[in-house]
Structures are given as C-alpha cells and as structure tokens.
Amino acid sequence: MKVAGGPAVVSVNGSRGASDGPAVPMSPQDLAESAVRAVAAGAGGVLVHPRTPCGRESLSPRVVGPVLEALRDAGVGVPLSVPASIAAEPDPAQRLARVGAWTVLPDRAVVHFAEPGAAGLAGALLERGVPVDAVAPLGGAAGPEPLERLRAWLERRPGGDRDGVRVVAECAAVPAYERATGPALPAGLRGLPPQAVLLFGRDGAAWPVLRLAARCGTAARTGVGDVLHLPDGRPARSNAELVAAARELTARSGRC
C-alpha cells in the first residue's frame, strides 16, 4: 500500500488475541501467511508482535528470531518491525538486555516514549544498527509529556541527526481544526518533514487518521493490530482486506 508521502505499515497482530476473531493470526505460520497476503495487497512494511506459544508477548531472542525468520522464509520482502515495549518486558533494564541479546535483527524496532527508559532503549537499538520508530501518543490520557520527551531526545542527538528515526504519532482522533482549516499535521508534529512521520489511530480513530495521513503526505498504518472493521463498519476478514481498503481510501484522498 502506498499513501501520499511514503509506504504504509500493516500491524498484523498487535495486542489482539484469539478472542478478537478469526482475522487475527496467532501462530508463526499464520503470521507469515497473513503478512505475505498483506504485502501482496500492497503493504510496504510489516509490524509483528512476537509471542510465546502460550500467547505472551516476548523480547526473548528465542521468540523474536524464529518469528522474523518465519516471515522472511515465507518471502516477506518488506521491512519487518517488532515492538520493544513494556507489554513484552515491564522492566526497562531487562528490555535493554533482551534487545542486546537479539541474534536475528528486525529491520526496524518500535519504541514507545510514553514508557520509561525509551530514550536509552532507542539509542541502544540505533547502536546495533536497528532503525527506530519512536512512538508518542497525541491526545488521550498520556498528555503531552511523551511527545515532549521524544522531541528533547531528537534535539540531543549529535548534530540533530535523525538518521534511522521515524516519528510515529498515535492519534486519539483527527483534530477538529481539520474541518475548519483543511488537513495539516497535528500541532505537536509541526517542523518535522512529513516523510519522517507515520500516523495511525486505533479502532474508531483508525480510518479518519489514515485519511489525514494521506492528505498530509505522511506514512500510515493499518491492520488488525489497530482496527478490526472496514471503513463501512463490516468486520475485516484479514489483514489483506484492510490493506486493500486502505489503498482504496487513500487513493481518493488529496494532499494538504
């Protein structure tokens, strides 16, 4: 899937489980098959949450490595991302240790700046040569602090170097100003080039935010990890169906 300004990512499982319906792939084989079909439908990147056989998210190299290898062996040729998050390892020091022990590296890693230890974790990943998707929520209960921490970390990087870093904004909703002034990057992201930004929303915010991303020329994200329904409200049958729906929706959207 292409949106104006960059490739989109498909979140093939996220925090979903078997109780969320048959569209959610669970086993490594199902994840690989779902990712292959989503890429065939046009996805330009895959975000996968590696899990143990009992379904718990994990950063262990014994879990992350086999999942990445299964996707690559299945022919998924787009960049593969994994989240290095509190859901997989609550302790910041243990997150650093787990990431340092990876023997099979993802193409990108997702770091949430609403979580403790994010700056150190992002720096460690970059030192290992793993580009970082630095996530900050816009709106919602977290408030402005995560985005402020992210901006401060970016400004501290040597010479303002942002190579290997993409800013990912999780939008709670499309800002009301869009209806009055037309689409524009949310205020907290002003000053960043659209090419270095990815926008996404969850559930009810997913499709409005995707439209905004297309109009503003940023990358975007979809997939059952974020939304289980198509734009018309019907349950999605697969990640590939969500990607196809996103392609159709963004093709009708203009630029801001």
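Presented here is a report on the structure given in the accompanying data block. Just so you know, these numbers come straight off a predicted model, no measurement behind them.

## Focus: the nonpolar core
Reasoning step 1: Counting residues in each nonpolar core, the largest one holds 73 residues, and the members touching the most others are V46, L71, L125, L150, L189 and L199.
Reasoning step 2: It is helix 7 (residues 206-216) that provides the largest number of residues to this core, a total of seven residues.
Reasoning step 3: Ignoring sequence-local partners within four residues, the contact set of L125 consists of V99, W102, A109, V111, V130 and V132.
Reasoning step 4: Within the second largest apolar cluster, eight residues are counted, among which are L47, V110, F200 and A219.

## Section: the sheet that holds strand 4 (residues 46-47)
Reasoning step 1: Judged by pairing direction, the barrel is parallel, and its eight strands sit side by side in the order 3-4-5-6-7-8-9-10 before closing back on the first.
Reasoning step 2: Relative to strand 8 (residues 165-171), strand 7 (residues 132-138) runs parallel, the two being bridged by seven bridges. By the bridge assignment, L138 is partnered in strand 8 with C171.
Reasoning step 3: Packed on one face of the sheet, helix 5 (residues 145-156) meets strand 7 and strand 8 and runs near 145° to strand 7.

## Describing the state of the cysteines
Reasoning step 1: In this structure the tally under the stated criterion is zero disulfides.
Reasoning step 2: Between C171, a free cysteine, and C216, which holds the nearest cysteine sulfur, the sulfur-to-sulfur gap is 9.7 Å.

## Section: the pattern of salt bridges
Between side chains of opposite charge, a pair can form as their charged atoms come close.
Reasoning step 1: Applying the stated criterion to the full structure yields ten salt bridges.
Reasoning step 2: Between D133 and R166 there is a salt bridge, and its shortest N-O distance comes to 2.9 Å. Of this pair, D133 sits in strand 7 while R166 sits in strand 8; the two residues are 33 residues apart in sequence, bridging distant segments of the chain.
Reasoning step 3: The class for D133 is buried, based on a relative accessible area of 5%.
Reasoning step 4: When its relative accessible area of 14% is taken as the criterion, R166 is described as buried.
Reasoning step 5: For R202, the salt bridge is made with E170, and the minimal N-O distance between the two is 2.8 Å. Taken together, the residues span a long stretch of sequence, with R202 in the loop between strand 9 (197-200) and helix 7 and E170 in strand 8 at a distance of 32 residues.

## Describing unusual backbone geometry
Trans is the prevailing form of peptide bonds, just as negative phi is the prevailing case for residues other than glycine.
Reasoning step 1: Non-glycine residue D203 carries a positive phi angle of around 50°.
Reasoning step 2: By secondary structure assignment, the location of D203 is in the loop between strand 9 and helix 7.
Reasoning step 3: Judged by relative accessible area, D203 falls into the partly exposed class, the value being 44%.

## Examining the environment of E127
Reasoning step 1: Here E127 shows up in helix 4 (residues 118-127).
Reasoning step 2: What makes E127 exposed here is its relative accessible area of 72%.
Reasoning step 3: The spatial distance from the C-alpha of E127 to the C-alpha of G100 is 10.0 Å, given a sequence separation of 27 residues.

## Brief notes about the packing of aromatic side chains
Reasoning step 1: Evaluation of the coordinates by the stated rule reveals one aromatic pair.
Reasoning step 2: With centroids separated by 5.3 Å and ring planes inclined at 45°, the aromatic side chains of F113 and W153 adopt a geometry described as tilted. Linking F113 in the loop between strand 6 (108-112) and helix 4 with W153 in helix 5, this pair joins segments that are 40 residues apart in sequence. Each member of the pair, F113 as well as W153, carries the same accessibility label: buried.
Reasoning step 3: In this structure, R221 is placed above the aromatic ring of F200, and the distance from its NZ or CZ to the ring centre is 3.6 Å.

## Details of the pairing of strand 5 (residues 80-83)
Reasoning step 1: Residues L80 and V82 of strand 5 are buried on one face, and the alternating residues S81 and P83, pointing to the opposite face, are buried as well.
Reasoning step 2: Here strand 4 runs beside strand 5; their pairing, made up of two bridges, is parallel. Across the sheet, V46 pairs through a bridge with L80, a residue of strand 5.
Reasoning step 3: Once you follow strand 4 into helix 2 (residues 61-73) and on to strand 5, the crossover reads as right-handed.
Reasoning step 4: As judged from the three bridges shared by strand 5 and strand 6, these two strands associate in the parallel manner. Across the sheet, P83 pairs through a bridge with V110, a residue of strand 6.
Reasoning step 5: Regarding topology, helix 3 (residues 92-101) serves as the crossover connection from strand 5 to the parallel strand 6, and that connection is right-handed.

Conventions we followed
Residues numbered from 1 in each chain as written. Predicted model: local features only at pLDDT ≥ 70, side-chain atom pairs only at ≥ 80, totals over all residues. Heavy atoms only, no water. Core = buried A, V, L, I, M, F, W, Y, C linked by side-chain atoms within 4.5 Å. Buried < 20%, exposed > 50% of the residue type's maximum accessible area, 1.4 Å probe, protein only. Helix = DSSP H or I, 4+ residues; strand = E, 2+ residues; numbered from the N terminus. Contact = heavy atoms within 4.5 Å. Pairing = 2+ DSSP bridges. Axes fitted to C-alpha atoms, helices over the stretch in contact; angles between N-to-C directions. Disulfide = S-S within 2.5 Å. Salt bridge = Lys/Arg side-chain N within 4 Å of Asp/Glu carboxyl O. Phe/Tyr/Trp six-rings, centres within 6.5 Å; stacked < 30°, edge-to-face > 60°. Lys NZ or Arg CZ within 6 Å of the ring centre and 35° of its normal. Right-handed = clockwise from strand over helix to strand, strands pointing away.

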